[in-house]
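Structural overview for review
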Amino acid sequence: MTHAVATDAATVARRVADVIDPVFAVIDAWRDAAERRLSSDAEPRAASVDPFVHDLVAVELVRAETLITGAGFVAAPGYLVDAPWHLAWWLSGRSPFQAEAARGIRRLDAESDPDAESFRDYTTLEWWRVPERTGSRHLTGPYVDYLCTDDYTVTITTPVRVDGEMVGLVGADVYVARLEQVLLPVLRGAGGTCTIVNASGRIVASSETHRATGALLRLDGLAEALAPLREAEAAGRVTDAARLPAGGTVVPCGDTSLALVVE
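Residues numbered from 1 in each chain as written. Predicted model: local features only at pLDDT ≥ 70, side-chain atom pairs only at ≥ 80, totals over all residues. Heavy atoms only, no water.

**Comments concerning the pairing of strand S11 (residues 259–262)**
Here S11 shows two buried faces, one formed by Ala259 and Val261 and the other by Leu260 and Val262. Both strand S7 (residues 194–197) and S11 contribute to a ladder of four bridges, which runs antiparallel. Along S11, the bridge assignment pairs Ile196 with Leu260. The pairing of strand S10 (residues 249–252) with S11 spans four bridges and is antiparallel. Bridge pairing in S11 links Val251 to Leu260. Two successive antiparallel strands, S10 and S11, enclose a turn made up of six residues, where Gly254 displays a positive phi of approximately 60 degrees. (Buried < 20%, exposed > 50% of the residue type's maximum accessible area, 1.4 Å probe, protein only. Helix = DSSP H or I, 4+ residues; strand = E, 2+ residues; numbered from the N terminus. Pairing = 2+ DSSP bridges.)

Right, dumping it as C-alpha coordinates:
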(Lines give C-alpha, C1' and ligand atoms only; values in the text may rest on other atoms or scores of the structure.)
Protein backbone atom coordinates (compact mmCIF):
# COMPACT_ATOMS: atom_id res chain seq x y z
CA MET A 1 0.00 0.00 0.00
CA THR A 2 1.34 3.41 -0.93
CA HIS A 3 1.80 6.23 1.57
CA ALA A 4 -1.04 8.18 -0.12
CA VAL A 5 -3.54 5.34 0.30
CA ALA A 6 -2.46 4.85 3.93
CA THR A 7 -3.12 8.55 4.57
CA ASP A 8 -6.55 8.22 2.97
CA ALA A 9 -7.31 5.27 5.24
CA ALA A 10 -6.45 7.29 8.34
CA THR A 11 -8.66 10.13 7.13
CA VAL A 12 -11.60 7.80 6.47
CA ALA A 13 -11.16 6.17 9.90
CA ARG A 14 -11.22 9.63 11.51
CA ARG A 15 -14.44 10.48 9.65
CA VAL A 16 -16.03 7.26 10.89
CA ALA A 17 -15.05 8.19 14.43
CA ASP A 18 -16.50 11.67 13.90
CA VAL A 19 -19.88 10.04 13.19
CA ILE A 20 -19.82 7.88 16.34
CA ASP A 21 -18.19 10.33 18.76
CA PRO A 22 -21.29 12.56 19.16
CA VAL A 23 -23.29 9.48 20.22
CA PHE A 24 -20.60 8.68 22.79
CA ALA A 25 -20.72 12.27 24.06
CA VAL A 26 -24.49 12.12 24.55
CA ILE A 27 -24.27 8.82 26.44
CA ASP A 28 -21.45 10.15 28.65
CA ALA A 29 -23.58 13.18 29.52
CA TRP A 30 -26.51 10.88 30.41
CA ARG A 31 -24.20 8.82 32.62
CA ASP A 32 -23.00 11.90 34.48
CA ALA A 33 -26.57 13.15 34.97
CA ALA A 34 -27.75 9.73 36.15
CA GLU A 35 -24.91 9.43 38.66
CA ARG A 36 -25.72 12.86 40.09
CA ARG A 37 -29.42 12.06 40.31
CA LEU A 38 -29.07 8.58 41.81
CA SER A 39 -26.38 9.53 44.30
CA SER A 40 -28.89 11.85 45.97
CA ASP A 41 -31.56 9.16 46.37
CA ALA A 42 -31.32 7.00 49.51
CA GLU A 43 -34.05 4.60 48.31
CA PRO A 44 -34.14 4.73 44.50
CA ARG A 45 -37.47 3.68 43.01
CA ALA A 46 -38.61 3.12 39.45
CA ALA A 47 -41.54 5.42 40.12
CA SER A 48 -39.17 8.38 40.43
CA VAL A 49 -36.30 7.21 38.23
CA ASP A 50 -38.46 6.60 35.14
CA PRO A 51 -39.66 10.21 34.68
CA PHE A 52 -36.10 11.40 35.11
CA VAL A 53 -34.78 8.99 32.46
CA HIS A 54 -37.62 9.84 30.07
CA ASP A 55 -36.82 13.53 30.26
CA LEU A 56 -33.11 12.79 29.93
CA VAL A 57 -33.35 10.87 26.65
CA ALA A 58 -36.51 12.27 25.03
CA VAL A 59 -34.92 15.40 23.58
CA GLU A 60 -32.28 13.35 21.75
CA LEU A 61 -34.72 10.71 20.50
CA VAL A 62 -36.88 13.27 18.69
CA ARG A 63 -33.99 15.36 17.36
CA ALA A 64 -34.01 15.20 13.55
CA GLU A 65 -30.25 14.74 13.10
CA THR A 66 -29.73 12.02 15.71
CA LEU A 67 -28.63 8.48 14.89
CA ILE A 68 -30.06 7.20 18.18
CA THR A 69 -33.28 5.20 17.91
CA GLY A 70 -33.60 3.91 21.47
CA ALA A 71 -32.10 4.91 24.80
CA GLY A 72 -32.43 4.72 28.54
CA PHE A 73 -31.27 3.26 31.83
CA VAL A 74 -31.07 -0.42 32.83
CA ALA A 75 -30.91 -1.05 36.56
CA ALA A 76 -28.70 -3.58 38.27
CA PRO A 77 -30.87 -6.39 39.67
CA GLY A 78 -32.15 -5.43 43.12
CA TYR A 79 -31.01 -1.81 42.94
CA LEU A 80 -34.47 -0.23 42.70
CA VAL A 81 -36.62 -0.73 45.79
CA ASP A 82 -39.86 -1.23 43.87
CA ALA A 83 -38.53 -3.01 40.77
CA PRO A 84 -35.87 -5.74 41.20
CA TRP A 85 -35.49 -6.07 37.40
CA HIS A 86 -36.04 -2.89 35.44
CA LEU A 87 -35.46 -1.28 32.04
CA ALA A 88 -36.34 2.39 31.70
CA TRP A 89 -35.92 2.45 27.93
CA TRP A 90 -37.64 4.52 25.26
CA LEU A 91 -37.84 4.04 21.49
CA SER A 92 -38.29 6.63 18.79
CA GLY A 93 -40.88 6.33 16.02
CA ARG A 94 -38.07 6.42 13.47
CA SER A 95 -37.56 3.56 11.03
CA PRO A 96 -34.03 2.83 9.74
CA PHE A 97 -34.70 4.93 6.63
CA GLN A 98 -36.49 7.91 8.20
CA ALA A 99 -34.62 11.06 9.05
CA GLU A 100 -37.12 12.00 11.76
CA ALA A 101 -39.16 10.24 14.41
CA ALA A 102 -42.68 9.82 13.03
CA ARG A 103 -44.78 9.63 16.18
CA GLY A 104 -42.73 10.81 19.12
CA ILE A 105 -41.37 8.17 21.46
CA ARG A 106 -42.76 5.13 23.24
CA ARG A 107 -41.75 3.11 26.27
CA LEU A 108 -40.21 -0.33 25.70
CA ASP A 109 -42.57 -2.92 27.15
CA ALA A 110 -40.08 -5.37 28.69
CA GLU A 111 -41.08 -8.26 30.94
CA SER A 112 -39.74 -7.64 34.46
CA ASP A 113 -41.17 -10.71 36.23
CA PRO A 114 -38.42 -13.38 36.41
CA ASP A 115 -41.09 -16.10 36.71
CA ALA A 116 -42.74 -15.11 33.42
CA GLU A 117 -42.09 -17.24 30.35
CA SER A 118 -41.01 -14.24 28.25
CA PHE A 119 -38.59 -12.86 30.89
CA ARG A 120 -35.01 -12.42 29.74
CA ASP A 121 -32.10 -11.96 32.12
CA TYR A 122 -30.41 -8.95 30.57
CA THR A 123 -27.28 -9.41 32.69
CA THR A 124 -26.37 -12.35 30.42
CA LEU A 125 -26.32 -10.15 27.31
CA GLU A 126 -23.13 -8.71 25.84
CA TRP A 127 -24.17 -5.08 26.23
CA TRP A 128 -24.41 -5.69 30.00
CA ARG A 129 -21.69 -8.33 30.57
CA VAL A 130 -18.78 -6.49 28.97
CA PRO A 131 -19.23 -3.09 30.68
CA GLU A 132 -19.84 -4.89 33.97
CA ARG A 133 -16.53 -6.78 33.56
CA THR A 134 -14.40 -3.95 32.19
CA GLY A 135 -15.99 -0.94 33.87
CA SER A 136 -15.83 0.82 30.49
CA ARG A 137 -18.08 1.77 27.61
CA HIS A 138 -18.82 -0.98 25.09
CA LEU A 139 -20.23 -1.15 21.57
CA THR A 140 -22.24 -4.33 20.95
CA GLY A 141 -23.17 -5.44 17.46
CA PRO A 142 -24.22 -5.33 14.79
CA TYR A 143 -26.86 -7.84 15.87
CA VAL A 144 -30.59 -8.32 15.32
CA ASP A 145 -32.11 -6.71 18.41
CA TYR A 146 -35.21 -8.80 19.07
CA LEU A 147 -35.75 -7.03 22.41
CA CYS A 148 -36.13 -3.51 21.00
CA THR A 149 -35.86 -2.87 17.27
CA ASP A 150 -36.16 -6.23 15.44
CA ASP A 151 -33.51 -4.93 13.07
CA TYR A 152 -29.72 -4.84 12.79
CA THR A 153 -28.56 -2.57 15.58
CA VAL A 154 -25.49 -1.49 17.47
CA THR A 155 -25.95 -0.84 21.18
CA ILE A 156 -23.57 1.39 23.12
CA THR A 157 -23.64 1.09 26.92
CA THR A 158 -21.62 2.53 29.77
CA PRO A 159 -21.73 1.83 33.52
CA VAL A 160 -23.48 4.12 36.01
CA ARG A 161 -21.82 4.12 39.44
CA VAL A 162 -22.92 5.37 42.84
CA ASP A 163 -20.32 5.31 45.64
CA GLY A 164 -18.07 3.19 43.42
CA GLU A 165 -20.70 0.51 42.80
CA MET A 166 -22.24 -0.18 39.39
CA VAL A 167 -25.98 0.40 39.82
CA GLY A 168 -26.89 0.04 36.15
CA LEU A 169 -26.11 1.18 32.64
CA VAL A 170 -27.12 4.01 30.38
CA GLY A 171 -27.00 3.43 26.67
CA ALA A 172 -28.39 3.88 23.20
CA ASP A 173 -29.40 1.85 20.16
CA VAL A 174 -28.45 2.89 16.63
CA TYR A 175 -29.93 1.28 13.51
CA VAL A 176 -27.12 -0.08 11.34
CA ALA A 177 -29.11 0.93 8.25
CA ARG A 178 -28.96 4.56 9.40
CA LEU A 179 -25.22 4.25 10.04
CA GLU A 180 -24.77 2.88 6.52
CA GLN A 181 -26.58 5.88 5.06
CA VAL A 182 -24.07 8.18 6.72
CA LEU A 183 -20.93 6.08 6.34
CA LEU A 184 -21.20 4.60 2.84
CA PRO A 185 -20.50 7.90 1.01
CA VAL A 186 -17.33 8.21 3.10
CA LEU A 187 -16.24 4.64 2.30
CA ARG A 188 -16.99 4.91 -1.41
CA GLY A 189 -14.94 8.08 -1.67
CA ALA A 190 -11.81 6.28 -0.48
CA GLY A 191 -9.37 4.17 -2.46
CA GLY A 192 -9.76 0.37 -2.46
CA THR A 193 -12.44 -1.76 -0.82
CA CYS A 194 -13.32 -0.31 2.58
CA THR A 195 -15.16 -2.21 5.30
CA ILE A 196 -15.98 -1.14 8.85
CA VAL A 197 -15.93 -3.98 11.37
CA ASN A 198 -16.37 -4.26 15.12
CA ALA A 199 -13.64 -5.63 17.37
CA SER A 200 -14.81 -9.19 16.64
CA GLY A 201 -14.61 -8.70 12.87
CA ARG A 202 -18.36 -8.41 12.20
CA ILE A 203 -19.31 -6.10 9.34
CA VAL A 204 -21.01 -2.80 10.11
CA ALA A 205 -20.78 -1.29 6.62
CA SER A 206 -18.80 -1.94 3.45
CA SER A 207 -18.22 -0.39 0.05
CA GLU A 208 -18.40 -3.98 -1.27
CA THR A 209 -22.14 -4.58 -1.72
CA HIS A 210 -21.87 -8.37 -1.41
CA ARG A 211 -20.63 -8.14 2.19
CA ALA A 212 -23.60 -8.61 4.50
CA THR A 213 -24.16 -6.61 7.67
CA GLY A 214 -23.43 -8.69 10.77
CA ALA A 215 -21.42 -11.32 8.90
CA LEU A 216 -17.83 -12.04 9.88
CA LEU A 217 -15.27 -10.54 7.54
CA ARG A 218 -13.00 -13.46 6.75
CA LEU A 219 -9.56 -12.22 5.77
CA ASP A 220 -6.25 -13.87 6.51
CA GLY A 221 -4.74 -12.32 9.62
CA LEU A 222 -7.73 -10.11 10.48
CA ALA A 223 -8.51 -11.78 13.83
CA GLU A 224 -4.91 -11.26 14.95
CA ALA A 225 -4.92 -7.64 13.73
CA LEU A 226 -8.11 -6.92 15.71
CA ALA A 227 -6.88 -8.49 18.97
CA PRO A 228 -5.19 -5.25 20.15
CA LEU A 229 -8.43 -3.38 19.38
CA ARG A 230 -10.37 -5.64 21.75
CA GLU A 231 -7.77 -5.13 24.45
CA ALA A 232 -7.74 -1.36 23.87
CA GLU A 233 -11.51 -1.12 24.23
CA ALA A 234 -11.40 -2.79 27.64
CA ALA A 235 -8.61 -0.43 28.72
CA GLY A 236 -10.26 2.69 27.30
CA ARG A 237 -7.43 3.54 24.93
CA VAL A 238 -6.69 3.73 21.19
CA THR A 239 -4.52 1.21 19.40
CA ASP A 240 -2.37 1.47 16.27
CA ALA A 241 -2.97 0.49 12.65
CA ALA A 242 -1.92 -2.99 11.51
CA ARG A 243 -1.09 -4.66 8.23
CA LEU A 244 -2.71 -7.81 6.86
CA PRO A 245 -0.61 -10.56 5.23
CA ALA A 246 -2.24 -9.94 1.85
CA GLY A 247 -1.36 -6.24 1.98
CA GLY A 248 -4.50 -4.71 3.46
CA THR A 249 -4.53 -2.28 6.37
CA VAL A 250 -6.62 -2.27 9.57
CA VAL A 251 -7.04 1.23 11.00
CA PRO A 252 -8.80 1.85 14.35
CA CYS A 253 -11.60 4.43 14.16
CA GLY A 254 -10.53 6.49 17.16
CA ASP A 255 -11.75 4.97 20.43
CA THR A 256 -15.04 3.73 18.95
CA SER A 257 -13.88 0.05 19.04
CA LEU A 258 -14.61 -0.07 15.31
CA ALA A 259 -11.91 -0.55 12.67
CA LEU A 260 -11.60 0.33 9.02
CA VAL A 261 -10.28 -2.49 6.83
CA VAL A 262 -8.84 -1.26 3.52
CA GLU A 263 -7.92 -3.80 0.84
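**Brief notes about the confidence of the model for the chain**
Scored by pLDDT, the chain comes out at a mean of 90, with 92% of its residues at no less than 70. Ranking the helices and strands of the chain by mean pLDDT puts strand S6 (residues 165–175) first, with 97, and helix H5 (residues 222–235) last, with 83. Below pLDDT 50 for its whole length, residues 1–7 participates in five contacts with residues either more than four positions away or in separate chains. (pLDDT = per-residue confidence, 0-100. Contact = heavy atoms within 4.5 Å.)

**As for the pattern of salt bridges**
Applying the stated criterion across every chain, the model contains twelve salt bridges. For Asp50, the salt bridge goes to Arg107, with nearest N and O atoms at 3.2 Å. With a gap of 57 residues between them, Asp50 in helix H2 (residues 46–61) and Arg107 in strand S3 (residues 105–107) connect regions that are remote in the sequence. By relative accessible area, Arg107 is classed as partly exposed at 33%. Linked through salt bridges whose partners overlap, the residues forming this network are Asp28, Arg31, Asp32, Arg137 and Asp255. (Salt bridge = Lys/Arg side-chain N within 4 Å of Asp/Glu carboxyl O.)

**Some remarks on the sheet that holds S6**
Here six strands make up an open sheet; going across it, the order is S3-S2-S1-S6-S5-S4 and the pairing antiparallel. A single partner strand is all that each edge strand has here, and the edge strands are S3 and strand S4 (138–144). The sheet shows a mean angle of 20 degrees between the axes of neighbouring strands, direction not considered. Each of strand S1 (68–75), strand S2 (87–92) and S3 touches H2; the most contacted strand, S1, lies at about 160 degrees to it. On top of the sheet, helix H4 (residues 176–188) reaches S4, strand S5 (152–162) and S6; it is set at about 60 degrees to S6, its chief contact. (Axes fitted to C-alpha atoms, helices over the stretch in contact; angles between N-to-C directions.)

**Let's talk about the nonpolar core**
Membership of the largest hydrophobic core comes to 67 residues, with the highest contact counts inside it found for Trp30, Leu179 and Leu260. Top element by residues in this core is helix H1 (residues 3–39). It accounts for 13 residues. With near-sequence residues (within four places) excluded, Leu179 lies in contact with Val19, Ile20, Leu67, Val154, Val174 and Val204. Leu217, Leu226, Leu229 and Val250 belong to the second largest nonpolar core, which has twelve residues in total. (Core = buried A, V, L, I, M, F, W, Y, C linked by side-chain atoms within 4.5 Å.)

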